[in-house]
Amino acid sequence: MKKKFGLSMRGRHILEGYSFVSLWIIGFFLFMAIPLGRSLYYSLNNLEMSKNGLVATYVGLTHYRAAFTSDVDFVPLLQTTMTTMLTQVPLILIFSMFSALLLNGKIKGRGIFRGIFFLPVIIASGAILKELLQQGAAQLPIFYNNDLYYKLSGIIPGNILEPLLQYADSLTLVMWDSGVQILIFIAGLQTISPSLYEAAHCDGATKWEAFWKVTFPMIVPMLFVNTLYSIVNSFTKADNQVMDYIMNNVFANNNYGYGSAMGWIYFLLIAVVLAIVFAIFRKGMAATEGRG
Amino acid sequence: METVKINRAAEYREKADAVWKVSWVKRGRSIIGSAIYYLVLLSLSFVFMYPLLYMISKSLMRPQDVADATIRWVPKMFSLQNYKEAMVALDFWHGLLNSVIISFGSAILQVLSCSLIGYGFARYRFPGQGIFLALVVFTFLIPPQTIVVPLFIFFLDLGWVNTHLPFVVPALMGHGLKGALFVLIFIQFYRRLPNVLEEAARIDGAGAMRTYWGIMFPMAKPAMLVVFLFSVVWHWNDLFEPNMYLLVPEYFNLAQSMAFFNGNANLNVQQAAASVSVASDALGMAPTLQNQIMAGVMLTIAPILLMYLFTQRYFVESVERTGIAGE
């Protein structure tokens, strides 16, 4: 083999590796690192549009302080986003795991059912769901419609029934959010070797026990991926109010500095949540480490 | 002797009966079990289908149907009038063209670039690899909204606003909408491929690029399909980035036109309600307008829905083979 540029095999290997990923690294600086740095800089400044571009005056942490003290809307919005996230993500995880188990069984028409279950991935992401939400079709009044209400109101007192049905409807939103997660769980379930189940069966494990002793430990990594994905998704999806609020501040009021500061507070909050998730799962992952 | 024989025969019959009974109980149980199984599947499927069915039904209804209390799902007059009106309001063909350029263009570029990058990460060892890999994950976790202001100003300075470049160029570099996720999918896929083919190609004297392009890339079809489909769908439905970078109706994609149409409709309703008390339905909107909007939403999602119908089977298979879940 000819030597190029007088490099050793190892040197050439490294160079080739870098050239494959170089595209990404350049992109990272252009579209991630520099904007991120700039947005941090903006958040510490007051920005004004003038003829020769943006003029910045340093104001220190004023914007950050303002977000927590003088802004009446921001903190409550953060709280609602957090509560929505905390209630919805566990539900999404449970539901998607349940669905994946259902769809992974040997059933007739599995392909059709899978197709239907992934339908939300195709139509529910982003704008369309938002549209539906505004229309109220997508209040999805499947449970909370009049027929069911009147039929059940004889059995269950109204003041319990009403929130119950509303909760059931919010569950449908959860279902609509869990398409990708179902996909990931199914892919994970496929990697579990059948011989493990055979072994469990020989040792006299019931299906219930086999789930907790075999299936569950094997899909902890997918659970981790799904938790991360669900959290990131719930923080950034189209109908997130904090995002709307920040964008409104930036583009309607031209308040670039304050908008960036709120963006950073929001990001730090997400980072804390993700760090907690990492810490929880590290223990779980360590337990299943060393599997194939 | 006789009695013993008879007794024994009776005993056998009883035993046989017992076995027979047990098997029936078992079979009955499994029938009930699978009945419940399918019932759960079907009812969940209904919930997933419901909004789609609802939209189709509403979009076909004319004012007469809406007024008719006996009609819930199937309109008496089967009419595509709403669709015709929605097509005009959406400027459908124009929006479709923009949507196709943005989502298919970005998707193809993302498949090409993310595959290249994923291959580099999966098959090479170089200093700083761990850090760069961590940065890929980091990129995935950052909400795009955090960096949108500087990015917008950056594109504005370059004169890229109101062009397709803010979508295409990041996609070319393995960034753009969820680019990091796609890189991770490819990394995961290439890691699972055996070394043998590559080594054989290298021994035969193929260079790095040739090995990749000729041998490894064609093998990544399952990963390509998954990334391509996700990328198309997410770009198609995305409203945030188009709203940032495409500010003139001429460049609107379908999702934007739809949002615009809907916003206008809502505004009209508000104005109308302010001046006269119009008879509007429970949703606060004139019935026909609401049906037009439903038709509009259907038109907006129809192209990707069709695409999904055709690729659905391969899609699910591919996901299983990609090892999306391995990370």
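Bear in mind the structure is a predicted one, so any value in this text is a computation, not a measurement.

1. Observations concerning the overall build of chain B
Then, number 1: A count of helices and strands for chain B gives 14 helices and zero strands.
Then, number 2: Tracing chain B from N to C terminus, the helices and strands come up as α-α-α-α-α-α-α-α-α-α-α-α-α-α.
Then, number 3: When each of the 327 residues of chain B is scored for burial, the buried share is 50%.
Then, number 4: Considering only contacts within chain B whose residues lie at least 6 apart along the sequence, 74% involve residues at least 24 apart.
Then, number 5: Summed over its atoms, the accessible surface of chain B is roughly 16,100 Å², and 67% of this surface lies on carbon and sulfur atoms.

2. Focus: the overall build of chain A
Then, number 1: Of the regular secondary structure elements, chain A holds 14 helices and two strands.
Then, number 2: Residues classed as buried in chain A amount to 48% of the 292 residues present.
Then, number 3: Expressed as a percentage of contacts within chain A between residues at least 6 apart in sequence, the contacts between residues at least 24 apart total 68%.

3. Remarks on the interface of chain A and chain B
Then, number 1: Listed by partner, the interface residues are 87 residues for chain A and 95 residues for chain B.
Then, number 2: Carbon and sulfur atoms supply 78% of the area that chain A and chain B bury against each other, a total of about 8,400 Å² over both sides.
Then, number 3: Salt-bridge contacts for Glu16(A) lead to Arg202(B); the nearest nitrogen and oxygen are separated by 3.2 Å.
Then, number 4: For the side of chain A that touches chain B, the leading source of residues is helix α1 (residues 9-43) of chain A, giving 23 residues.

4. Quick notes on the UniProt feature "transmembrane region" (unreviewed entry) in chain A
Then, number 1: Here the UniProt-annotated "transmembrane region" (unreviewed entry) positions come out as residues 21-41, 85-104, 111-129, 171-189, 210-232 and 261-281 of chain A.
Then, number 2: The span residues 171-189 of chain A is 89% helix and 0% strand, and its two end C-alpha atoms sit 24 Å from each other.

5. Quick look at the packing of helix α8 (residues 179-192) of chain B against helix α11 (residues 221-237) of chain B
All names here are of chain B.
Then, number 1: It is at 10 Å that the axes of α8 and α11 come closest, and there the two elements cross at 170°. The angle between α8 and α11 falls in the class roughly antiparallel. Of α11, the residues touching α8 (which contributes Leu181, Phe182, Ile185, Phe186 and Phe189) are Pro222, Ala223, Met224, Val227, Phe230, Ser231 and Trp234.

6. Brief notes about the UniProt feature "transmembrane region" (unreviewed entry) in chain B
Residue and element names in this part refer to chain B.
Then, number 1: Here the UniProt-annotated "transmembrane region" (unreviewed entry) positions come out as residues 36-56, 96-119, 131-155, 167-190, 211-236 and 293-311.
Then, number 2: As annotated, residues 96-119 comprises 100% helix and 0% strand, and the C-alpha atoms at either end are separated by 33 Å.
Then, number 3: Between the C-alpha atoms that bound residues 131-155 there is a distance of 28 Å. The span itself is 76% helix and 0% strand.

7. Brief notes about the environment of Val74(B)
Then, number 1: Position of Val74(B) among the secondary structure elements: in the loop between α2 (63-67) and α3 (81-90).
Then, number 2: Distance in space between the C-alpha atoms of Val74(B) and Gly179(B) is 43 Å, their sequence separation being 105 residues.

8. What about helix α2 (residues 62-69) of chain A?
Residues and elements named next belong to chain A.
Then, number 1: Among the residues making up α2, those that are buried are His63, Tyr64 and Ala67. All buried residues of α2 lie within an arc of 105° about the axis, which places them on one face of the element. Turned more than 90 degrees away from the buried face of α2 sit Arg65 and Thr69, all of them exposed.

9. Here's the deal with α1(A)
Then, number 1: Across its 35 residues, α1(A) extends 47 Å between first and last C-alpha, which sits within 8% of the 51 Å expected from 1.5 Å per residue.
Then, number 2: Bending of α1(A) peaks at approximately 50° at the position of Val21(A).

10. Quick notes on the packing of helix α11 (residues 207-218) of chain A against helix α12 (residues 220-236) of chain A
Residue and element names in this part refer to chain A.
Then, number 1: Where α11 contacts α12, the two axes come as close as 4 Å, and the packing angle between them is 50°. As judged from the angle between their axes, α11 and α12 are oblique. Listed contacts from α12 to Phe216, Pro217 and Met218 of α11 are Val220, Pro221, Met222 and Leu223.
Then, number 2: In the contact of α11 with α12, the residues fall into seven nonpolar, no polar and no charged.

11. A few points about the pattern of salt bridges
Then, number 1: In total, this model carries three salt bridges over all chains according to the counting rule given.
Then, number 2: The salt bridge partner of Glu198(B) is Arg123(B), with a shortest N-O separation of 3.2 Å. Of this pair, Glu198(B) sits in helix α9 (residues 196-203) while Arg123(B) sits in helix α4 (residues 92-123), placing them 75 residues apart in sequence. Of the two residues, Glu198(B) and Arg123(B), neither departs from the other in class, the shared state being buried.
Then, number 3: Overlapping salt bridges, with partners in common, bring together Arg12(A), Glu16(A) and Arg202(B) in one network.

12. Here's the deal with unusual backbone geometry
All names here are of chain B.
Then, number 1: Backbone geometry at Asp91 places phi at a positive 55°, although glycine is not the residue there.
Then, number 2: Relative to the elements of secondary structure, Asp91 occurs in the loop between α3 and α4.
Then, number 3: Overall, the relative accessible area of 44% leaves Asp91 in the partly exposed class.
Then, number 4: A positive phi angle, close to 55°, is found at Lys178, a residue other than glycine.
Then, number 5: As for its position among the elements, Lys178 is in the loop between α7 (165-172) and α8.
Then, number 6: What makes Lys178 partly exposed here is its relative accessible area of 24%.

13. Focus: the packing of aromatic side chains
Then, number 1: Taken as a whole and judged by the stated rule, the model has 41 aromatic pairs over all chains.
Then, number 2: Considering the side-chain rings of Tyr41(A) and Tyr42(A), the 6.2 Å spacing of their centres and the 50° angle between planes classify their relative orientation as tilted.
Then, number 3: Each residue in the set Phe20(A), Tyr119(B), Tyr124(B), Phe186(B), Phe189(B), Tyr190(B), Tyr212(B), Trp213(B) and Phe217(B) is aromatic and connected to the rest through ring pairs, giving one cluster.
Then, number 4: The ring of Trp234(B) has Lys178(B) sitting right over it, with the charged end atom 4.6 Å from the ring centre.

What counts and how
- Residues numbered from 1 in each chain as written.
- Chains lettered and ligands numbered in written order.
- Predicted model: local features only at pLDDT ≥ 70, side-chain atom pairs only at ≥ 80, totals over all residues.
- Heavy atoms only, no water.
- Helix = DSSP H or I, 4+ residues; strand = E, 2+ residues; numbered from the N terminus.
- Buried < 20%, exposed > 50% of the residue type's maximum accessible area, 1.4 Å probe, protein only.
- Contact = heavy atoms within 4.5 Å.
- Areas by Shrake-Rupley, 256 points an atom, 1.4 Å probe, with all protein chains shown as cover.
- Buried area = accessible area lost by both parts, 1.4 Å probe.
- Salt bridge = Lys/Arg side-chain N within 4 Å of Asp/Glu carboxyl O.
- UniProt positions renumbered as here; feature names shortened; annotations may be inferred.
- Axes fitted to C-alpha atoms, helices over the stretch in contact; angles between N-to-C directions.
- Parallel < 35°, antiparallel > 145°, perpendicular 65-115°, else oblique.
- Arc of directions from axis to C-beta.
- Expected span 1.5 Å × (residues − 1).
- Bend = angle between axes of the 7 residues up to and from the residue.
- Nonpolar A, V, L, I, M, F, W, Y, C, P; charged D, E, K, R; others polar.
- Phe/Tyr/Trp six-rings, centres within 6.5 Å; stacked < 30°, edge-to-face > 60°.
- Lys NZ or Arg CZ within 6 Å of the ring centre and 35° of its normal.

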